[in-house]
Each structure stands twice: as C-alpha cells, then as structure tokens.
Amino acid sequence: MTKRHVSLPPLAEEGLRAFIGEVDERLSSDENTCDVVEDVLVDLHGDRQAYERWQSGESVSPAERVRLQGYDPCNATLESEYYAEVAAMDEGEYERSKYLQWLWRQFDATPMADNIAFALRFRQMLADHLFADAGDDLRLFKGITFTFGHNIELGDNVVVHDDVHLDDRGKLTVGDRVSISDNAHVYTHDHDVVDQTEVTNYHTIIEDDVRVTYDSMVRAGVRMGENSILAAKSIAGKDVPAHHIAAGQPANSIAVKDGWESVADPIEDANVDRSDERVVEYDVPDVDVFDEFQRDRSPPDA
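Since this is a predicted model, take the numbers as computed values, not measurements.

Draft legend 1. Structural detail: the sheet that holds strand 2 (residues 139-140). Across the sheet, seven strands lie side by side as 2-5-8-12-15-17-18; this open sheet has mixed pairing. Edge positions in the sheet fall to strand 2 and strand 18 (251-256), since each has one partner strand and no second.

Below is the structure:
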C-alpha cells in the first residue's frame with residue numbers, strides 16, 4: 001500500500017511556505033549564520049518577548065539568561081566539536097555546519113517538529129544548506145542526528161525515519177529511494193580494538209533502493225549493494241551484495257530477493273569485508289589534544 005497525499009488548509013500552507021522561504025533566503029544570503037539561527041529559534045520557541053526584554057538590559061533570572069543565550073549556536077558546543085580532525089577542515093566549514101545542525105536539533109525540540117507537513121519541508125530546506133548533497137523529495141523525520149552533516153550525500157526520494165543516527169565523521173553516500181528505518185545507526189568511523197583513541201574514518205555507501213530496517217546497524221566502510229535489505233536488529237560489518245537479504249549479528253547474506261536471482265551474486269560469494277578499500281585519509285595538524293580515558297592499554301606482548 002502506498003501513501004496518500006494530504007494537504008493543509010490554504011492559510012496554513014501559505015504561512016509555512018512564507019516562513020520556510022524566509023529562512024531559506026536568509027541562510028542563502030551573506031547574513032551571519034549565527035544571527036539567523038538565533039533569530040529563528042527565538043521565534044520557534046515562542047521566546048521573543050523574554051528575548052527582547054533581555055536584549056534591552058532588563059533583569060532576567062540566571063536560568064532565563066542561559067536559555068536565551070542558548071538560542072545562539074556560538075554559545076554552544078557539540079560532541080563533534082571536540083574531534084581532532086575538525087582542526088584539519090577548511091576555515092569556517094565546521095562552524096557553519098555546527099550552526100545549521102544546532103538549528104536542526106533545536107527545531108526538533110519544538111512542537112512544530114511533529115507537524116509532518118511543515119517539518120519535512122523545513123528539514124529538506126536545512127538539508128539543502130547543510131549536506132554535501134541533498135536530493136529532492138527527502139522525507140527526514142524527527143530525531144535524526146549526524147556528526148558534522150557536510151560529509152553526507154543523499155539521493156532523491158530518500159526516507160530517514162525517527163531517531164536514526166547518520167555518522168559522517170568519515171563520508172556517507174546514500175543513493176536514491178533508500179529507506180532507513182527507526183533507530184537504525186549508520187557509521188563511517190571505527191575505533192582501534194586496543195587503543196580506542198585511535199580512530200579510522202571510512203566511506204560508507206548505501207546504494208539505490210536499499211532498505212536498512214528497524215534498529216539495525218551499518219558499520220563503517222560497508223557497502224550495501226543496490227536493492228538489498230538489512231534485516232531488523234542486524235549488524236552489517238561486511239559488504240551486502242546487490243539484491244541480497246542480510247540478517248544476524250553479525251549479518252550474513254541469507255537469501256536473494258525473489259525474482260532477482262539471475263542478476264544477483266551467489267550467496268556463497270557474499271560476506272566479504274572490503275572496508276579497507278574505503279579508508280578516508282586525513283591529517284590532523286598540531287593541536288592541543290587530550291586523552292579523555294587517561295589509561296595505558298599497551299598490550300604486554302606487542
């Protein structure tokens with residue numbers, strides 16, 4: 001069964017078009033992105049009156065001040081901001097991604113994030129500004145998180161459901177008509193088994209017409225071949241060939257989709273780890289680094 005079309009009343013449609021168009025125009029202009037994000041969030045959270053009172057120098061409580069300052073992404077930090085490879089990015093690249101990601105996350109904290117007709121179009125507009133490539137007719141639902149945002153490429157007609165994590169510490173490419181179900185996680189980085197502070201980034205690829213189903217995981221460097229399926233609660237650590245169904249922890253190809261046998265690789269040729277072919281190299285300049293674990297795990301037999 002396919003979805004049906006739903007329309008808003010004309011005045012509601014007019015209002016959301018005007019708002020999304022205005023934000024899109026401001027983000028496309030030379031206006032400071034921090035200022036745009038702050039202004040939009042103040043209004044979306046209905047805090048304009050308190051904000052103006054604070055800006056005019058009137059007294060506000062410490063809690064109000066923290067809340068009002070928090071609309072400005074320059075007053076916030078994200079986990080990804082602490083990653084060493086941020087220092088290797090082009091000047092301003094991370095900052096703009098951070099500001100737009102802050103707008104995305106804080107929008108999701110508003111009641112309007114549950115208004116599908118509005119929220120899908122608002123996130124499509126943000127994706128056009130944030131992602132490396134954002135296809136047409138995206139359906140991006142609530143609670144989607146990502147590392148940076150600017151290392152993500154999405155094709156046309158992609159559906160990403162609630163509470164999905166799209167890690168793009170490396171590079172993530174998603175083809176056309178892909179469906180990623182609720183609570184799925186797609187990774188592009190991995191940690192060394194012995195020294196977890198050693199991180200390797202990969203290019204993870206999900207080809208056209210793939211289904212990554214409920215609560216499953218695609219590990220870094222995996223290629224999901226076109227028209228393949230990763231079954232619910234499965235963990236793909238190796239490539240999944242086109243038209244195959246993979247299941248399990250770790251996932252293995254268990255079948256070929258009915259009717260695709262003549263064009264699919266045999267089951268016995270599947271389950272190969274090719275992630276080493278997709279390592280994303282990067283150089284980190286000299287920065288002030290710290291080890292959050294502060295422990296020595298050097299193996300005695302090394």
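Resuming the write-up.
Draft legend 2. Expanded view of the state of the cysteines. Per the stated rule, a full pass over the model turns up one disulfide. Through a disulfide, C34 is tied to C74; the S-S separation comes to 2.1 Å. Between C34 and C74 the sulfur-sulfur dihedral comes to about 115°; the bridge is accordingly right-handed. With C34 in helix 2 (residues 33-44) and C74 in the loop between helix 4 (62-69) and helix 5 (93-108), this pair connects stretches of sequence that are 40 residues apart. Owing to a relative accessible area of 44%, C74 belongs among the partly exposed residues under this scheme.

Draft legend 3. Inspection of the packing of aromatic side chains at higher detail. Scanning the model with the defined rule gives eleven aromatic pairs in all. Centroid distance F19 to F122: 5.9 Å. Interplanar angle 15°. Geometry classified as stacked. Taken together, the residues F19 in helix 1 (residues 10-28) and F122 in helix 6 (residues 116-130) connect sequence positions 103 residues apart. Relative accessible area serves as the criterion here: at 22%, F19 is assigned to the partly exposed category. Ring geometry for Y51 against W54: centres 5.8 Å apart, planes inclined by 65°, an arrangement best described as edge-to-face. Of this pair, Y51 and W54 both sit in helix 3 (residues 48-55), three residues apart, which is roughly one turn of that helix. When its relative accessible area of 11% is taken as the criterion, Y51 is described as buried. Members of the aromatic cluster, joined through ring pairs, are F19, F107, F118 and F122. Seen from the ring of Y83, R169 lies directly overhead, with NZ or CZ sitting 3.6 Å from the centre.

Draft legend 4. Here's a closer look at the environment of V164. Counting through the fold element by element, V164 comes out in the loop between strand 5 (159-160) and strand 6 (165-166). Remark: the alpha-carbon pair of V164 and A270, spanning 106 residues in sequence, is separated by 27 Å. When neighbours within four sequence positions are excluded, V164 is seen to be in contact with G143, I144, T145, I180, S181, D182, N183 and A184.

Draft legend 5. Broad picture of the side chain of N227. Note that N227 resides in the loop between strand 14 (223-224) and strand 15 (229-230). Of note is the side chain of N227, whose polar atom sits 2.8 Å from the side chain of K257. Here N227 is in contact with D208, D209, V210, H243, K257 and W260, once residues within four sequence places are set aside.

Draft legend 6. Region of the structure containing the side chain of D47. In this fold, D47 is placed in the loop between helix 2 and helix 3. The exposure class assigned to D47 is buried, which follows from its relative accessible area of 9%. Of the polar contacts made by the side chain of D47, one reaches the side chain of R67; its length is 2.6 Å. Once you skip the residues sitting within four places of it in the chain, D47 turns out to touch V42, R67, L68 and Y71.

Draft legend 7. The arrangement of the pairing of strand 11 (residues 199-206) in detail. Of all eight residues making up strand 11, seven are buried, and the element is well covered by its neighbours. When strand 7 (residues 171-174) meets strand 11, the two strands line up parallel, connected through four bridges. Looking at strand 11, one finds that L172 is bridged to T204. Pairing analysis gives three bridges linking strand 10 (residues 189-191) to strand 11, with the strands arranged antiparallel. Looking at strand 11, one finds that D190 is bridged to T200.

Draft legend 8. Broad picture of the sheet that holds strand 9 (residues 185-186). Taken in spatial order, the five strands line up as 3-6-9-13-16 in an open sheet, and their pairing is parallel. Each of the sheet's edge strands pairs with one partner strand only, and the pair in question is strand 3 (145-146) and strand 16 (235-236). Bridge count for strand 13 (residues 217-218) against strand 16 is two bridges, and the pairing is parallel. In the strand pairing of strand 16, M217 is matched with I235.

Rules used throughout
Residues numbered from 1 in each chain as written. Predicted model: local features only at pLDDT ≥ 70, side-chain atom pairs only at ≥ 80, totals over all residues. Heavy atoms only, no water. Pairing = 2+ DSSP bridges. Helix = DSSP H or I, 4+ residues; strand = E, 2+ residues; numbered from the N terminus. Disulfide = S-S within 2.5 Å. Buried < 20%, exposed > 50% of the residue type's maximum accessible area, 1.4 Å probe, protein only. Phe/Tyr/Trp six-rings, centres within 6.5 Å; stacked < 30°, edge-to-face > 60°. Lys NZ or Arg CZ within 6 Å of the ring centre and 35° of its normal. Contact = heavy atoms within 4.5 Å. Polar contact = N/O pair within 3.5 Å; in protein donor to acceptor, adjacent residues only side chain to side chain.

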